[in-house]
Amino acid sequence: MSKNTINNHLYIGGVSAFDLVRTYHTPLYVMDESKIRSQCQMFKKHFVSDHIETETIYASKAFLSLAMCELVDSEGLSLDVVSGGELYTAHQAGFPMHKIYFHGNNKSLEELKLAIEYQVGTIVVDHRHELLTLINLIPKNQKINVMLRVNPGIEAHTHEYIRTTHHDSKFGLSIYDESTLDLIKEINQYDSLIFKGFHSHIGSQIFEEQSFIEHAQTVLTYISDVYLKTGIVVEEMNLGGGFGAKYTAEDKPFELKFFLPTLLEHIGETSKKLRIKVPKVFIEPGRSIVAEAGYTLYTVGGTKKTTSGKQYVFIDGSMADHMRTALYQAKYDAVIANKLNDEANTSYTVAGKACESGDIIIKDVKLPKPEANDILAVKTTGAYHYSMSSNYNRLTRPAVVFVKDGKSKLIVQRETYQDLIRNDLKLED
Ligand SMILES: *Cc1c(COP(=O)(O)O)cnc(C)c1O
């Protein structure tokens, strides 16, 4: 019997799934607060080196709310935002603005104005047009830290990485494009800008250490090139996020606490070989901080066996609260929270209630026989679930609850029908 099981029943953060459902109803996002905190602490503890300055930035697009901003701040991490909405959320939560990194390939005028007004720490410029827009907005006597998003031509996927010869990403400017150098020189000339360095991000849910090593090496080589060709010393290097999480038994993420010091050591050695000053190194984990802390609880409704023998189990949520299966064919594992020790020997397809045949939550999962009113707990839903949720079919977004030490705390309320029509206007009134 695992420590998460008492009387055949799933416990998360010391709270039983049954109690959570009774209190907050379903569908429900549940996040184990201690797990999130211990991941933050792992990065703080292991992404360090005696001779390299480092900083860990939480990528807020994975999961953001006011409470999450407070948690991230209390653990001493910085925050990356990619929209005015994320920035506003952080500001409302009282997150220190100097620890904000503002990303995005097409920040609007309003978003840039907001970033300047809030005095965010760093704006990561994506391209020339954005740079010129930004320059025109900066008030006299104000200086803005900027990084430039570059594309190192490496694309990493779950189990492989490739060095692309054509550079078609919508993000950043290619390091293989000579005109990128001109832009760097240009940035360096503006009095209102403090050029800090390069940002790049090679993908998500990556399981190969080599991808990150290759990535760091490529950017360092570019930093050396830039110095040789322009004399500009690049002080900072942000390598983005992308560390994999474990969704099913097939996923084999590497141990970050061993890898992070290795990565830094490699960066130190490569810098020495290239005879450049070792830059300050940033990483931006999103998924690896929150994914495994999250569960989605659903109530089982009906079941159905098709003529060809496929067995469906229907739940009271849908792709509107669980996008990643429909979007990426992502795989998940689940348990019946009230039948944890029962033998899971039959394969089921878990389907939602949306009017869409692609509304599948899990294609194939072994479960004990599901019955109406059972609680289905889908694992590893802490990242890119709440943040990707929608109101498709006018379904209301679930509540989000933090659990810790046997206690639960509501951090995002369940949407109501009134919320759904809040912005609607009638034709005649
Ligand atoms: C998405 C993203 C991240 C986080 O990626 P994870 O895979 O969730 O760690 C970090 N930085 C940037 C710029 C991103 O776009």
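Conventions adopted
- Residues numbered from 1 in each chain as written.
- Predicted model: local features only at pLDDT ≥ 70, side-chain atom pairs only at ≥ 80, totals over all residues.
- Heavy atoms only, no water.
- Buried < 20%, exposed > 50% of the residue type's maximum accessible area, 1.4 Å probe, protein only.
- Helix = DSSP H or I, 4+ residues; strand = E, 2+ residues; numbered from the N terminus.
- Pairing = 2+ DSSP bridges.
- Polar contact = N/O pair within 3.5 Å; in protein donor to acceptor, adjacent residues only side chain to side chain.
- 1 Å grid on protein atoms, 1.4 Å probe; cavity = no way out; pocket = protein on both sides within 12 Å on 5 of 7 lines; lining within 4 Å.
- Points joined across faces, edges and corners; volume = space filled by probe spheres on them.
- Nonpolar A, V, L, I, M, F, W, Y, C, P; charged D, E, K, R; others polar.
- UniProt positions renumbered as here; feature names shortened; annotations may be inferred.
- Contact = heavy atoms within 4.5 Å.
- Near = heavy atom within 4 Å.
- Areas by Shrake-Rupley, 256 points an atom, 1.4 Å probe, with all protein chains shown as cover.
- Salt bridge = Lys/Arg side-chain N within 4 Å of Asp/Glu carboxyl O.
- Phe/Tyr/Trp six-rings, centres within 6.5 Å; stacked < 30°, edge-to-face > 60°.

Enquirer: Just to check I follow, could you spell out the pairing of strand 22 (residues 399–404) for this structure?
Expert: The side chains of a regular strand alternate, residue by residue, between the two faces of the sheet. With five of six residues buried, strand 22 is to be regarded as a mostly interior element. Here strand 4 (residues 28–32) pairs with strand 22 via five bridges, running parallel. What sits directly across from Met31, in strand 22, is Phe402. In terms of strand pairing, strand 22 meets strand 23 (residues 407–412) through five bridges, oriented antiparallel. Of the residues in strand 23, the one forming a bridge with Val401 is Leu410.

Enquirer: Even after reading the chapter, I still don't get the environment of Asp177, so can you show me in this structure?
Expert: Locating Asp177 in the fold gives a position in the loop between strand 12 (173–174) and helix 7 (178–189). Among the residues examined, Asp177 registers a relative accessible area of 38% and is labelled partly exposed. Along the sequence, Asp177 and Asn151 sit 26 residues apart, while their C-alpha atoms lie 9.7 Å from each other. A polar side-chain atom of Asp177 sits 2.9 Å from a polar atom in the side chain of Ser179.

Enquirer: Got a minute to help me understand empty space enclosed by the protein in this structure?
Expert: It is the rolling of a water-molecule-sized probe over the atoms that shows where space remains empty. Scanning the entire structure with this criterion turns up two cavities of 30 Å³ or more. For the largest cavity, the calculated volume is near 40 Å³. What lines the largest cavity is Phe212, His215, Leu239, Gly240, Gly241, Phe243, Leu263 and Ile283. Residues that form the lining of the largest cavity fall into these classes: five nonpolar, three polar and no charged. For the second largest cavity, the full set of lining residues is His103, Gly104, Val124, Asp126 and Arg149. Split into classes, the residues belonging to the lining of the second largest cavity amount to one nonpolar, two polar and two charged.

Enquirer: Can you help me understand the UniProt feature "modified residue: N6-(pyridoxal phosphate)lysine" (unreviewed entry) in the protein chain in this one?
Expert: The UniProt record annotates "modified residue: N6-(pyridoxal phosphate)lysine" (unreviewed entry) at Lys61. Along the polypeptide, Lys61 turns up in the loop between strand 5 (54–59) and helix 3 (66–74). In contact with Lys61, not counting residues within four places along its chain, are Glu86, Tyr384 and Ser387.

Enquirer: How should I be thinking about the site of the ligand in this particular structure?
Expert: As a matter of local geometry, the ligand sits amid 14 residues, with Lys61, Ser204, Glu284, Arg287 and Tyr384 nearest to it. At 2.7 Å from an oxygen atom of the ligand is found a main-chain nitrogen or oxygen belonging to Arg287. Burial of the ligand by the protein amounts to 93% of the accessible area it has alone, namely 390 Å². Classifying every residue of the shell around the ligand gives three nonpolar, six polar and five charged.

Enquirer: What is the right way to look at the environment of Ala216 in this model?
Expert: In this structure, Ala216 sits in helix 8 (residues 209–230). The exposure class of Ala216 is buried, given its relative accessible area of 0%. For Ala216 and Val281, which are 65 residues apart along the polypeptide, the C-alpha to C-alpha distance reads 9.6 Å. Leaving out residues up to four positions away in the same chain, Ala216 has contacts with Met237, Leu239, Leu263 and Ile267.

Enquirer: Whenever I open this one, the sheet that holds strand 1 (residues 5–6) confuses me. Can you help?
Expert: In a beta sheet, neighbouring strands pair by backbone hydrogen bonds and run either parallel or antiparallel. Strand order across the open sheet formed by three strands is 1-2-3, with antiparallel pairing between neighbours. A single partner strand is all that each edge strand has here, and the edge strands are strand 1 and strand 3 (15–16). Both strand 2 (residues 9–12) and strand 3 contribute to a ladder of two bridges, which runs antiparallel. Residue Ile12 lies in a different strand from strand 3, and its bridge partner there is Val15.

Enquirer: In this structure, what is going on with the pattern of salt bridges? I would like to understand it.
Expert: Between side chains of opposite charge, a pair can form when the charged atoms approach closely. The tally for this structure, following the rule as stated, stands at 17 salt bridges. For the salt bridge of Glu250 with Lys331, the shortest nitrogen-to-oxygen distance reads 3.8 Å. Pair noted here: Glu250 is in the loop between strand 14 (236–238) and helix 9 (256–274) and Lys331 is in the loop between helix 11 (324–328) and strand 18 (334–336), with a separation of 81 residues, a long-range link. We note that Glu250, like Lys331, is exposed. A salt bridge links Arg394 to Asp424, with the nearest nitrogen and oxygen atoms 3.0 Å apart.

Enquirer: Quick question: what am I supposed to make of the packing of aromatic side chains here?
Expert: In total, this model carries twelve aromatic pairs according to the counting rule given. Plain terms: the ring middles of Phe195 and Phe198 are 5.9 Å apart, the flat faces sit at 65 degrees to each other, and that makes the pair edge-to-face. Where Tyr247 meets Tyr332, the ring centres are 5.3 Å apart and the plane angle is 90 degrees; that geometry is what we call edge-to-face. With Tyr247 in the loop between strand 14 and helix 9 and Tyr332 in the loop between helix 11 and strand 18, the pair connects residues that are 85 residues apart, well separated along the chain.

Enquirer: In this structure, what is going on with the UniProt feature "active site" (unreviewed entry) in the protein chain? I would like to understand it.
Expert: The sites that UniProt annotates as "active site" (unreviewed entry) are Cys355. Residue placement: Cys355 occurs in the loop between strand 19 (346–351) and strand 20 (360–367). Sequence-distant contacts of Cys355, that is, excluding residues within four places in its chain, are made with Tyr392 and Asn393.

Enquirer: I'm lost on the environment of Tyr88 in this one. Help?
Expert: Following the sequence through the fold, Tyr88 ends up in helix 4 (residues 84–92). Sequence separation between Tyr88 and Met147 is 59 residues, and the spatial gap between their C-alpha atoms is 21 Å.

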